[in-house]
Amino acid sequence: MFHYLKLTMTKNKIIVEKKSTKLNSKFVCDKCNKKKVITLNYGPHNFCKKHFNIFFENRFKKTIRKYSLFKSKEKLLIAVSGGKDSIVTLTLLNKFYSKSNPIEVLIIDEGVKNYRNKAIKIAKKTCKKLGVKYHIISFKKRFGITNDEIMPILLENKKLGGTCAFCGVMRRNIMNNFARKMKADKLVTGHNLNDEVQSFVMNVFNNEIERIIRSGAKPGIIKHNNFVKRIKPLYETPEKEIIAYCAFNNIEHYSQECCPYSWTAKRNEYREMLNKFENRFPGNDYSILRFYETLKKKITPTKNEKEILQKQLKECSICGEPTEKKICKTCELIQKMKNEKKIKKKNKITKNTKKFIKKNKLTCAITKYNK
Ligand code: SF4
Ligand SMILES: [Zn+2]
Ligand SMILES: [Zn+2]
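Reading guide: rules and limits
- Residues numbered from 1 in each chain as written.
- Chains lettered and ligands numbered in written order.
- Predicted model: local features only at pLDDT ≥ 70, side-chain atom pairs only at ≥ 80, totals over all residues.
- Helix = DSSP H or I, 4+ residues; strand = E, 2+ residues; numbered from the N terminus.
- Buried ≥ 20, exposed ≤ 12 C-beta atoms within 10 Å, placed from the backbone.
- Contact = placed C-beta atoms within 7 Å.
- Pairing = 2+ DSSP bridges.
- Right-handed = clockwise from strand over helix to strand, strands pointing away.
- Near = placed C-beta within 6 Å.
- Nonpolar A, V, L, I, M, F, W, Y, C, P; charged D, E, K, R; others polar.
- Axes fitted to C-alpha atoms, helices over the stretch in contact; angles between N-to-C directions.
- pLDDT = per-residue confidence, 0-100.

Give a description of the overall build of the chain that names residues and reports values.
Of regular secondary structure, the chain possesses 14 helices and twelve strands. Per-residue burial over the chain gives 36% buried out of 371 residues. Residue pairs in contact within the chain that sit at least 24 positions apart in sequence constitute 73% of those at least 6 positions apart.

Put into C-alpha cells, the structure is as follows:
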C-alpha cells in the first residue's frame, strides 16, 4: 500500500485528500521509480515528492525568464497577505533570488476583524523566519477608513459597487504608492494561473477589452515614473499545485476562514464554472491562458497609442497617484464612502446585513484538508 494526495476543486473549495492504494506501475513517478505522491491530470504527470518540487520550482523560474519579470539587482517588493499564493511567492523568491535581488515585503491590513489579523500573523512569522524585512500599511492609516466600515455601506447600497472591487482599488493604490516610496523596481503579487484565467473570462463576459489589454504576467501598458511595474511569478502555476507544494514542504499559510466579504465577489461564480471545466477537461485552464497570450499580442496598443495614453496621465490632486482624471479612482471612492458614512451617521449595520454576512461566510475559495 502507498499514500498519495488527491486534489479536487469543487464548488469554491479545494479538497486535499490523503488516499491509499495498492502499488502497480500506474503509481510510479514519471522521473524515477519511486511511488508517485501526486498526479497532474493535464499532463498527465505522476511525480514523487522530490520530482514534483523540481517541476514546480522550475516552472516558477521559467515564468520569470519567459516573461522577463525582473533582472538581477532589481529591488523587489512582495505583497504578502499570509495566504498560500503570496507565501509561496515569497518563499521561492527568497530561496532562488535573495542573493541577486534585494527583497522586502509589504503587508496590507484592510481592517477586517477576525480574518486579516490571523493572516497577518502568519505573514509576519514567515518574514521573520526567512529574515526578510517587512512593512505593514493599513487602510485606516492611508485612507482613514477600514473594510469593516466600508462593506456595510456597500451591502446596503448596491449602486455603489462590489465590495472586492473597492478593496482591490484601495490595495493597488497602497501597493503602488509604497513601492514607489521605497524605490522598488518591481512589485510582486501572488496571482496564480486560476486567478488569471478567471479574470480573463470575467473580462470577456463583461466586455472589458481595456482590462484584457492591461492584464498578464506583467500587467499595465504605460510606462510612467509614478507606476511601479507589477509582476506575477505564479502566472503559470495552478492553484491546486500551490496547495500541494505547501503541504509537501510544510509551508505555513493562512487557510482557514476567508474574508467575510468575499462571498459577494462575482469571481466565485467564474471560479466554480472554470473548476468544473478543468475537472472534466484537464488542461482547459492552460488552454485559455495560451489563447489569452496569443490574443494579447494581436491587440497590444501601438507605440503611438501608448504615447497618447501616457500624455493623458496626471497626478491625483489628493494622493499624488497617477490618474487620467483630476482625482484618482481610489480617492473618488473614498470620498463617496465618507459622504455615505456621514449620511448613515454612525455606520449602523442593519440586522439584515448582519444575517447575510453570517449566512454566506464560508463560500469563498477555502482550502479543506481531509486527512
Ligand atoms: S475578499 Fe474582497 S473584500 Fe476581502 S480582502 Fe479580498 S478583495 Fe478585499
Ligand atoms: Zn521521482
Ligand atoms: Zn488619489
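Explain the pairing of strand β5 (residues 76–79) to me, using residue names and the numbers behind them.
By the alternation rule, side chains of β5 split into L76 and I78 and L77 and A79, which are all buried. Pairing between β5 and strand β6 (residues 103–109): four bridges, direction parallel. Directly across from L77, in β6, lies its bridge partner E104. You can see the chain leave β5, run along helix α2 (residues 84–97) and come back into β6, and the turn it takes is right-handed. Two strands pair when backbone bridges link them, and β5 and strand β8 (residues 186–188) are joined in this way by three bridges, in the parallel orientation. Across the sheet, residue L77 finds its bridge partner in β8, namely L187.

For the site of ligand 1, give the residues involved together with the corresponding values.
Close to ligand 1 lie E110, N147, T163, C164, C167, G168, C259, Y261, S262 and A265, which account for all nearby residues. The element contributing the most residues to the shell around ligand 1 is helix α6 (residues 163–181), with four residues. Here the residues of the shell around ligand 1 are counted per class, giving five nonpolar, four polar and one charged.

Mind laying out the sheet that holds β6, listing which residues take part and the relevant values?
Taken in spatial order, the five strands of this open sheet run β7-β6-β5-β8-β9, and their pairing is parallel. Two strands lie at the open edges of the sheet, namely β7 (133–138) and β9 (229–231), each paired on one side alone. Between one strand axis and the next, the sheet turns through 30° on average, direction left out of account. Strands β5, β6 and β8 of the sheet are contacted by α2, whose axis makes an angle of about 155° with β5. Taken strand by strand, helix α3 (residues 116–130) contacts β6 and β7, and its axis lies near 170° from that of β6.

How would you summarise the environment of K133 if you had to cite specific residues and measurements?
Along the polypeptide, K133 turns up in strand β7. Here K133 falls in the exposed class, since 10 other C-beta atoms lie within 10 Å of it. Taking the C-alpha atoms as reference points, K133 and I103, 30 residues apart in sequence, are found 7.7 Å from one another. Those residues in contact with K133 that sit more than four places away from it in its chain are E104 and V105.

Summarise the pairing of β7; cite the residues concerned and give the values.
The pairing of β6 with β7 spans six bridges and is parallel. Within the sheet, the bridge partner assigned to L106 lies in β7 and is H135. In this view, the connection linking β6 to its parallel neighbour β7 by way of α3 has right-handed handedness.

Could you give me a rundown of the environment of E305, with the residues and numbers involved?
Note on placement: E305 falls in helix α12 (residues 303–311). For E305, a count of 11 C-beta atoms within 10 Å translates into the label exposed. A sequence separation of 83 residues divides E305 from I222, and the C-alpha atoms of the two residues are 9.8 Å apart.

Requested: an account of the environment of T189, with residues and values cited.
Examined against the element boundaries, T189 turns out to sit in the loop between β8 and α7 (193–205). C-alpha separation for the pair T189 and S86, spaced 103 residues apart in sequence, amounts to 6.6 Å. In contact with T189, other than residues within four places in its own chain, are A79, R230 and K232.

Got a sec to walk through the confidence of the model for the chain? Specific residues and values, please.
When the pLDDT values of the chain are averaged, the result is 86; 87% of them are 70 or greater. Within the model, pLDDT remains below 50 along residues 361–371, and this stretch shows 29 contacts once partners closer than five positions in the same chain are excluded.

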